[in-house]
Amino acid sequence: MRMVDLIEKKRDGHELTQEEITFIIDGYVKDDIPDYQMSAFSMAVFFRGMTDEESAFLTDAIVHSGETIDLSAIDGIKVDKHSTGGVGDTTTLVLAPLVASVGVPVAKMSGRGLGHTGGTIDKLEAIPGFSVEITNDTFIDLVNRNKVAVIGQTADLTPADKKLYSLRDVTATVNSIPLIASSIMSKKLASGADAIVLDVKTGSGAFMKKLDDAKELARTMVKIGNDLGRSTSAVISDMSQPLGQAIGNALEVKEAILTLKGEGPKDLTDLCLALGSHMVVLAGKAKDDEEAKEMLKGAIKDGSALEHFKLFAKSQHGDPEVIADPDKLPKANFIFDVKAKADGIVSAITADKIGTAAMILGAGRATKTSEIDLAVGLVLNKKIGDHVTKGESLVTIHSNQENVDDCMNRIYESYTISTDEVSAPPLIYDVIK
Ligand code: URA
Ligand code: CA
């Protein structure tokens, strides 16, 4: 087989076989296929797309380019959740203890990564003592005993994705649905879950700005998962504004604690119940979404969800007292309010701009080597559809710097206050199974 012939075949709109796709991925990882040919191929895929079968073959080839995790020593159906990313997305912190409290095993391998706030691991480390540096055996033992554990990623998963993603980044080929879908799904499949629930975000703060694109990405990923033997479903949710109120590591831990107590923001709570109920159903613990949702609401109401968070934290050396009293979380030295300059109704909040405002306080990493300040971040007191009066606080800034002018300007730029009545956007647009 020659790479040039396969580029030509895709360029002309023909369908590639599994053997051909495997040849491309294997050759690329081994450096037999150079970047320039892979660039041309990616561009051909960008314009021609891929069939569902080709997308599944591509995903499978990427999965097998590196190590895969075997979770078979853990009892039950392991369900993983993946979000395509947004601002202030606190769902993982809530969902891990919540679904574990009703018996769904959550074996989470997580990273730190770049972004507006840290990743799940950084957030958990806001709990004093919490450690993800546990051995594989401890990890498996903890999931069997407590139904939940989080471990830092050590294995070399999907090297083909790392190489291909970097190439796509500089060749204007990131935004291709089959390439995004195979990239995301390969990482989920390699990390060993039996079933996967996807939270595909849409709106100004999301990767997929348009609803139709989000739906097509969700449909493609669900098809890939199911074709490769993992039950997969997707929820398409709103990211036209940040989710919940808190954006920042310790602030989001506090928000998760409140949500597990039934006192969290409504949008975050509702999305966690929706995603969580799909997880419970895929794990075979409930017959349908309604039954699953009732189980989860029950666990919040009777306190078992919060107790489970304590157990989870304590088992990984975190101070469980913090969960009983979130005021013991790291705190910023300075608090400022961003006050409304006029009366009106919040009609828009540009999520990515707000995210950047949190990042410049130190809540997230701009580069791999940036240090995160776990205490800092933002709390949104007003969301789309809320009435405000002049002088009322739109956002509270938690900072360790005394000068927050830049941050404050960004927040003003991201809020639009109108005089017309505006209603809150829908939270969930669609569910794809
Ligand atoms: N996230 C990924 O992991 N891969 C993509 O291609 C795009 C977003
Ligand atoms: Ca949040």
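What counts and what doesn't
- Residues numbered from 1 in each chain as written.
- Chains lettered and ligands numbered in written order.
- Predicted model: local features only at pLDDT ≥ 70, side-chain atom pairs only at ≥ 80, totals over all residues.
- Heavy atoms only, no water.
- Helix = DSSP H or I, 4+ residues; strand = E, 2+ residues; numbered from the N terminus.
- Buried < 20%, exposed > 50% of the residue type's maximum accessible area, 1.4 Å probe, protein only.
- Areas by Shrake-Rupley, 256 points an atom, 1.4 Å probe, with all protein chains shown as cover.
- Lys, Arg positive; Asp, Glu negative; His and termini not counted.
- Charge placed at Lys NZ, Arg CZ, Asp CG, Glu CD.
- Donors = N, O, S within 2.8 Å, 3.2 Å for Na, K, Ca; no water.
- Pairing = 2+ DSSP bridges.
- Axes fitted to C-alpha atoms, helices over the stretch in contact; angles between N-to-C directions.
- Contact = heavy atoms within 4.5 Å.
- 1 Å grid on protein atoms, 1.4 Å probe; cavity = no way out; pocket = protein on both sides within 12 Å on 5 of 7 lines; lining within 4 Å.
- Points joined across faces, edges and corners; volume = space filled by probe spheres on them.
- Nonpolar A, V, L, I, M, F, W, Y, C, P; charged D, E, K, R; others polar.
- Domains from an automatic or database assignment.
- Phe/Tyr/Trp six-rings, centres within 6.5 Å; stacked < 30°, edge-to-face > 60°.
- Lys NZ or Arg CZ within 6 Å of the ring centre and 35° of its normal.
- Core = buried A, V, L, I, M, F, W, Y, C linked by side-chain atoms within 4.5 Å.
- pLDDT = per-residue confidence, 0-100.
- Near = heavy atom within 4 Å.
- Polar contact = N/O pair within 3.5 Å; in protein donor to acceptor, adjacent residues only side chain to side chain.
- Expected span 1.5 Å × (residues − 1).
- Parallel < 35°, antiparallel > 145°, perpendicular 65-115°, else oblique.

## Description of the overall build of the protein
Okay, step 1: The number of helices and strands found in the protein is 17 helices and 13 strands.
Okay, step 2: Once the C-alpha set of the protein is aligned to its principal axes, its extents read approximately 70 × 50 × 40 Å.
Okay, step 3: Each of the 433 residues in the protein was classed as buried or not, and the buried ones make up 55%.
Okay, step 4: Just so you have it, the protein exposes about 17,900 Å², and 50% of that area is on carbon and sulfur atoms.
Okay, step 5: Computed over 47 positive and 64 negative side-chain charges, the inter-centroid distance for the protein is 2 Å.

## As for the coordination of the calcium ion (ligand 2)
Okay, step 1: Only Gly 88 (O), Thr 90 (OG1), Leu 243 (O), Ala 246 (O) and Glu 255 (OE) from the protein coordinate the calcium ion (ligand 2), and they sit 2.4 to 2.7 Å from it.
Okay, step 2: In primary sequence terms, the donor set of the calcium ion (ligand 2) follows G-x1-T-x152-L-x2-A-x8-E. The pair Leu 243 / Ala 246 is uniform in exposure class, with both members buried.

## Some details on the sheet that holds strand β4 (residues 195–202)
Okay, step 1: What the four strands build is an open sheet, ordered β1-β4-β5-β13; its pairing is mixed. Looking at the sheet topology across the chains shown, the edges are occupied by β1 (79–83) and β13 (428–432). Neighbour-to-neighbour, the strand axes of this sheet turn through a mean angle of 15°, independent of strand direction.
Okay, step 2: Where β4 lies against strand β5 (residues 231–238), eight bridges are found, and the strand directions are parallel. Bridge pairing in β5 places Lys 201 opposite Ser 237.
Okay, step 3: Across the face of the sheet, helix α10 (residues 211–227) comes into contact with β4, β5 and β13 while running at roughly 165° to β5.

## Some remarks on the layout of surface pockets
Okay, step 1: There is about 340 Å³ of room inside the second largest pocket.
Okay, step 2: Around the second largest pocket sit 18 residues that line it, and Ala 250, Leu 251, Lys 254, Val 379 and His 398 are the ones nearest its centre.
Okay, step 3: For the lining of the second largest pocket, the element with the highest residue contribution is helix α11 (residues 249–260), accounting for five residues.
Okay, step 4: Across the lining of the second largest pocket, the residue classes break down as 12 nonpolar, two polar and four charged.
Okay, step 5: Both domains that furnish three or more residues to the lining of the second largest pocket are identified here as domain 2 (79–325) and domain 3 (330–418).

## Some remarks on the packing of aromatic side chains
Okay, step 1: Here the structure, examined in full by the defined rule, presents four aromatic pairs.
Okay, step 2: Members of the aromatic cluster, connected to one another through ring pairs, are Phe 130, Phe 309 and Phe 312.
Okay, step 3: Here the guanidinium or amino end of Lys 163 rests over the ring plane of Tyr 28, the centre of that ring lying 4.1 Å away.
Okay, step 4: The residue whose ring lies beneath Lys 341 is Tyr 412, and the NZ or CZ to ring-centre distance is 3.9 Å.

## Regarding empty space enclosed by the protein
Okay, step 1: Under the definition given, this model contains three cavities of 30 Å³ or more.
Okay, step 2: There is about 60 Å³ of room inside the largest cavity.
Okay, step 3: In terms of lining, the largest cavity is formed by Val 79, Asp 80, Lys 81, Thr 92, Leu 95, Ala 96, Val 106, Lys 108 and Met 279.
Okay, step 4: Taken together, the elements giving at least two residues each to the lining of the largest cavity come down to β1, α5 (91–100) and β2 (106–110).

## Considering the nonpolar core
Okay, step 1: Counting residues in each nonpolar core, the largest one holds 79 residues, and the members touching the most others are Leu 378, Ile 397, Ile 411 and Tyr 415.
Okay, step 2: Two domains share this core, each providing at least three of its residues, namely domain 2 (79–325) and domain 3 (330–418).
Okay, step 3: Formed by 23 residues, the second largest nonpolar core is a distinct cluster that contains Leu 189, Ile 196, Met 208 and Ala 234.

## Re the confidence of the model for the protein
Okay, step 1: With 100% of its residues at a pLDDT of 70 or more, the protein has an overall mean of 95.
Okay, step 2: Across the assembled chains, the prediction reports ipTM 0.92 with pTM 0.95.

## Looking at the site of ligand 1
Okay, step 1: In the region of ligand 1, the neighbouring residues are Tyr 165, Arg 168, Ile 180, Ser 183, Ile 184, Lys 187 and Phe 207.
Okay, step 2: Take Arg 168: an N or O atom from its side chain is 2.8 Å from an oxygen atom of ligand 1.
Okay, step 3: In isolation ligand 1 has 240 Å² of accessible area, and contact with the protein removes 86% of it.
Okay, step 4: For the shell around ligand 1, the elements supplying multiple residues, two or more each, are α8 (159–169) and α9 (177–190).

## Observations concerning the environment of Leu 251
Okay, step 1: Among the structural elements, Leu 251 can be located in helix α11.
Okay, step 2: Note on Leu 251: relative accessible area 13%, which makes it buried.
Okay, step 3: For the pair Leu 251 and Cys 407, spaced 156 residues apart in sequence, the C-alpha to C-alpha distance is 17 Å.

## Here's the deal with α11
Okay, step 1: The terminal C-alpha atoms of α11 lie 17 Å apart, and with 12 residues this matches the ideal 16 Å at 1.5 Å per residue to within 8%.
Okay, step 2: Summarising burial for α11: 10 of the 12 residues are buried, a large majority.
Okay, step 3: Inspection of α11 places Asn 249, Ala 250, Leu 251, Glu 252, Val 253, Glu 255, Ala 256, Ile 257, Thr 259 and Leu 260 among the buried residues, and these make up the whole buried set.
Okay, step 4: Downstream of α11 by a residue or two, Gly 262 has a phi angle that is positive, lying close to 85°.

## A word on the packing of helix α16 (residues 351–361) against helix α17 (residues 405–414)
Okay, step 1: Packing of α16 against α17 leaves a shortest axis separation of 8 Å and a crossing angle of 170°. Taken together, the axes of α16 and α17 lie roughly antiparallel to each other. Along the contact surface, α16 presents Lys 353, Ile 354, Thr 356, Ala 357, Ile 360 and Leu 361, while α17 presents Asp 406, Cys 407, Arg 410, Ile 411, Glu 413 and Ser 414.
Okay, step 2: Considering only residue class, the contact of α16 with α17 consists of six nonpolar, two polar and four charged.

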